[in-house]
Amino acid sequence: MCNAIATKLGLKPENVILGNGSNEVIEFLGHAFLNPGDDVITCQCAFIVYKLLATAFGVRTIETPSPDYQQNLDDTLAAITPKTRIIFIPNPNNPTGTLVSHAAIAPFMSKVPSSITVVFDEAYFEFLDDPPDTRPFVRDGGNVVVLRTFSKIHGLAGLRIGYAVAPAEMIQVLHKTRQPFNVNSIAHAGALAALDDEAHLRKTKRVVDEG
Ligand SMILES: *Cc1c(COP(=O)(O)O)cnc(C)c1O
């Protein structure tokens with residue numbers, strides 16, 4: 001499965017980790033990086049699981065203002081404290097549907113201290129016509145984790161399978177936090193079949209676009 005995902009994305013298998021849904025990978029991040037008293041940063045109206053995770057780990061969630069529902073990366077940079085460990089960027093966000101542009105990402109990444117892990121949550125990546133490409137940051141070995149899932153465009157939410165791509169050193173750290181048998185074989189089979197089912201992807205995108 002990791003091989004197939006890596007081939008599809010032009011990355012290496014050691015850049016991929018599977019989760020019982022990408023929500024589980026969000027939990028790996030908590031185990032790997034969060035201690036009580038730390039901060040995580042996201043925007044107002046962000047996907048709620050980041051805050052649930054932070055609360056479970058005794059960590060404060062700093063939510064930058066998003067009056068127009070848009071995450072502003074300058075505000076994100078300004079919100080960094082010495083205790084910040086993770087920045088979550090849901091791209092596009094659920095529930096607001098807003099997108100941080102490709103052009104805004106590189107300047108932002110160049111300013112984030114290397115002690116902070118930047119998480120791009122790309123659960124809806126396949127629905128975008130012109131998606132931002134975060135793989136260069138993975139290839140460059142930055143402190144970045146990109147989340148993807150089979151729950152959305154592939155329609156396999158009930159099977160519970162998602163993944164992260166990240167630099168190999170980061171993936172090794174995340175592996176230490178997971179249970180050995182976290183993804184079941186039925187989910188593997190479904191995800192493998194879904195990965196190359198371009199016709200289903202196109203059809204789902206068309207139906208959603210029309211909606
Ligand atoms: C649905 C969703 C996820 C994760 O879903 P899984 O089923 O756990 O893979 C992650 N992030 C966002 C923004 C989502 O909407």
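Residue positions are given per chain, counted from 1 along the sequence in the order it is written. Given that the model is predicted, a residue must reach a pLDDT of at least 70 before its local features are reported, and side-chain atom pairs must reach 80 or more before they are shown or counted; all residues, however, enter totals for whole chains, interfaces and linings. Side-chain numbers here rest on the full set of heavy atoms in the structure, without hydrogens or water.

Caption draft 1: Quick peek at the site of the ligand. The ligand sits among Gly21, Ser22, Asn23, Phe47, Asn94, Asp121, Ala123, Tyr124, Thr149, Ser151, Lys152 and Arg160. Pairs of N or O atoms are called polar contacts if they sit within 3.5 Å, as long as, within protein, a hydrogen donor faces a hydrogen acceptor (for residues adjacent in sequence, only side-chain-to-side-chain pairs). Within the side chain of Tyr124, one N or O atom sits 2.8 Å away from an oxygen atom of the ligand. Expressed as a share of its isolated accessible area of 390 Å², the protein-covered part of the ligand is 95%. Residue type decides the class: Asp, Glu, Lys and Arg count as charged, Ala, Val, Leu, Ile, Met, Phe, Trp, Tyr, Cys and Pro as nonpolar, and the leftover types, Gly among them, as polar. Residue composition of the shell around the ligand, by class: three nonpolar, six polar and three charged. Here, proximity means that at least one heavy atom of the residue falls within 4 Å of the molecule or strand. Note on areas: these come from Shrake-Rupley sampling with a 1.4 Å probe, and a residue is covered only by the protein chains present in the view.

Caption draft 2: Structural context of the sheet that holds strand β3 (residues 60–64). A pair of strands counts as paired when DSSP detects no fewer than two bridges linking them. A run of DSSP states H or I qualifies as a helix once it reaches four residues; a run of E qualifies as a strand once it reaches two. Both are numbered from the N-terminal end. Ordered by their spatial adjacency, seven strands build an open sheet running β1-β7-β6-β5-β4-β2-β3, and the pairing between neighbours is mixed. Edge positions in the sheet fall to β1 (16–19) and β3, since each has one partner strand and no second. Averaged over all pairs of adjacent strands, the angle between strand axes in this sheet comes to 25°, irrespective of strand direction. Strand contacts of helix α2 (residues 22–33): β1, β4 (84–90), β5 (117–121), β6 (144–149) and β7 (162–165), with the helix running at about 155° to β6, the strand carrying the most contacts. Orientation is described by axes fitted as lines to C-alpha atoms, over the contacting stretch for helices, and by angles from 0 to 180 degrees between their N-to-C directions. The contact definition used throughout considers only heavy atoms, calling two residues in contact when any of these lie within 4.5 Å.

Caption draft 3: Main features of the packing of α2 against helix α7 (residues 168–175). Closest axis-to-axis distance for the α2/α7 pair is 9 Å, and the angle between their directions is 90°. Looking at the two axes, α2 sits roughly perpendicular to α7. Contacts between α2 and α7 pair Phe28, Leu29, Ala32 and Phe33 from the former with Met170, Val173 and Leu174 from the latter. Counted by class, the contact of α2 with α7 contains seven nonpolar, no polar and no charged residues. Oblique is the label for every angle not falling under 35 degrees (roughly parallel), over 145 degrees (roughly antiparallel), or within 65 to 115 degrees (roughly perpendicular).

Caption draft 4: Highlighting the state of the cysteines. Two cysteine sulfurs form what is called a disulfide whenever their separation falls within 2.5 Å. Evaluated as defined, the whole model comprises zero disulfides. No disulfide involves Cys45; its nearest neighbouring cysteine sulfur is the one of Cys43, lying 7.2 Å away.

Caption draft 5: How the structure looks around the pattern of salt bridges. For salt bridges, the criterion is a side-chain nitrogen of Lys or Arg within 4 Å of an Asp or Glu carboxyl oxygen. In total, this model carries ten salt bridges according to the counting rule given. Between Asp39 and Arg60 there is a salt bridge, and its shortest N-O distance comes to 3.0 Å. Within this pair, whereas Asp39 is found in strand β2 (residues 39–43), its partner Arg60 is found in strand β3, the two being separated by 21 residues in sequence. Given the relative accessible area of 49%, Arg60 is considered partly exposed. Residues Arg135 and Asp133 are paired through a salt bridge, measuring 2.9 Å at the closest nitrogen-oxygen approach. Classification of residues uses two cut-offs on accessible area relative to the type maximum, computed with a 1.4 Å probe and protein chains only: under 20% is buried, over 50% is exposed, and between them is partly exposed. The exposure class assigned to Asp133 is partly exposed, which follows from its relative accessible area of 27%. One network of salt bridges, in which partners are shared, links Lys8, Asp196 and Glu198.

Caption draft 6: Spatial organisation of the nonpolar core. For this analysis, a nonpolar core means a set of buried residues of the types Ala, Val, Leu, Ile, Met, Phe, Trp, Tyr and Cys, connected via side-chain atoms within 4.5 Å. By size, the foremost hydrophobic cluster in this structure holds 36 residues, and its most contacted members are Ile5, Ile89, Phe108, Met109, Phe150, Tyr163 and Val165. Here the element with the most residues in this core is helix α8 (residues 185–195); it accounts for four residues. Leaving out residues up to four positions away in the same chain, Ile89 has contacts with Gln71, Leu73, Val100, Phe108, Val118, Val119, Phe120 and Asp121. Grouped together as the second largest cluster of nonpolar side chains are 26 residues, Phe47, Ala54, Val145 and Met170 included.

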